[in-house]
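# Analysis of the macromolecular model
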Amino acid sequence: MFFEKNAQRLENFARVSSAAGCRADYVQGGGGNTSVKLADGLMAIKASGFCLSDITPKSAYAVLDGAAVRDFYLTSEPEQFENVETAGSTKAK
């Protein structure tokens, strides 16, 4: 259901990422970062370890819950956690 619901946006995300990623005059190395907002407050972001040109509608990105990330950082204090980045990452997933 996720892929069907977000098919057009993921296809566009892959197309734009690939177009930018194949241009050495636009990017260096793996190519940086691209993202797309999806249905239900989700966001797909190019995953570490992948080049922009690796993104397909079904691979090479991480899906995060934008509302959960926003809520975490707006309602939490860093000193509440041993490692705030790890805690935030866990919440986002």
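This one's a predicted model, so the numbers in the text were calculated from it and none came from an experiment.

What counts and what doesn't
Residues numbered from 1 in each chain as written. Predicted model: local features only at pLDDT ≥ 70, side-chain atom pairs only at ≥ 80, totals over all residues. Heavy atoms only, no water. Helix = DSSP H or I, 4+ residues; strand = E, 2+ residues; numbered from the N terminus. Buried < 20%, exposed > 50% of the residue type's maximum accessible area, 1.4 Å probe, protein only. Lys, Arg positive; Asp, Glu negative; His and termini not counted. Charge placed at Lys NZ, Arg CZ, Asp CG, Glu CD. Arc of directions from axis to C-beta. Contact = heavy atoms within 4.5 Å. Polar contact = N/O pair within 3.5 Å; in protein donor to acceptor, adjacent residues only side chain to side chain. Phe/Tyr/Trp six-rings, centres within 6.5 Å; stacked < 30°, edge-to-face > 60°. Lys NZ or Arg CZ within 6 Å of the ring centre and 35° of its normal. pLDDT = per-residue confidence, 0-100.

### Considering the overall build of the protein
Counting its regular elements, the protein contains four helices and three strands. Each of the three principal axes of the protein carries a C-alpha extent, and together these read 45 × 35 × 15 Å. Expressed as a percentage of the 93 residues in the protein, the buried residues total 25%. Considering the protein, the positive charge centre built from 10 side chains and the negative charge centre built from 11 side chains are found 9 Å apart.

### Considering helix H4 (residues 84–92)
Turning to H4, its buried residues are Ala87, Gly88 and Ala92. All buried residues of H4 fall inside an arc of 135° around its axis, so they share one side. Considering only its buried residues, H4 is in contact with strand E3 (61–65) and helix H3 (66–75). Measuring from the side-chain oxygen of the N-cap residue of H4 to the backbone nitrogen of Glu85 gives 3.0 Å; that N-cap residue is Asn83.

### Some remarks on unusual backbone geometry
Within the chain, Asp40 stands out as a residue other than glycine whose phi angle is a positive 65°. Looking at the secondary structure, you find Asp40 in the loop between strand E1 (35–37) and strand E2 (42–46).

### Considering the side chain of Thr34
For Thr34, the position within the fold is in the loop between helix H2 (7–21) and E1. Reaching out from Thr34, the side chain makes a polar contact with the side chain of Ser17 at a distance of 2.8 Å. Among all residues touching Thr34, those that are not within four sequence positions of it are Phe13, Ser17, Ala44, Ile45, Lys46, Leu52 and Ile55.

### Remarks on the packing of aromatic side chains
One pass over the full model with this rule turns up four aromatic pairs. Aromatic side chains Phe2 and Phe3 sit 5.2 Å apart centroid to centroid with 75° between the ring planes, which places their arrangement in the edge-to-face category. Judged by relative accessible area, Phe2 falls into the partly exposed class, the value being 25%. Given a relative accessible area of 33%, Phe3 falls into the partly exposed group. Ring plane angle 45° and centroid distance 5.1 Å describe the contact between Phe72 and Phe81, whose orientation is recorded as tilted. Using a relative accessible area of 27% as the deciding quantity, one classes Phe81 as partly exposed. Here the aromatic cluster, defined as three or more aromatic residues joined through ring pairs, consists of Phe72, Tyr73 and Phe81. Looking at Lys58, its charged tip hangs above the ring of Phe3, at a distance of 5.0 Å from the centre.

### Things to note about the confidence of the model for the protein
Detailed reading of the predicted coordinates is not advisable wherever pLDDT is low. Counting all residues, the mean pLDDT for the protein is 88, and 95% of those residues have values of 70 or more. Within the protein, helix H1 (residues 2–5) carries the highest mean pLDDT (95), whereas H4 carries the lowest (82).

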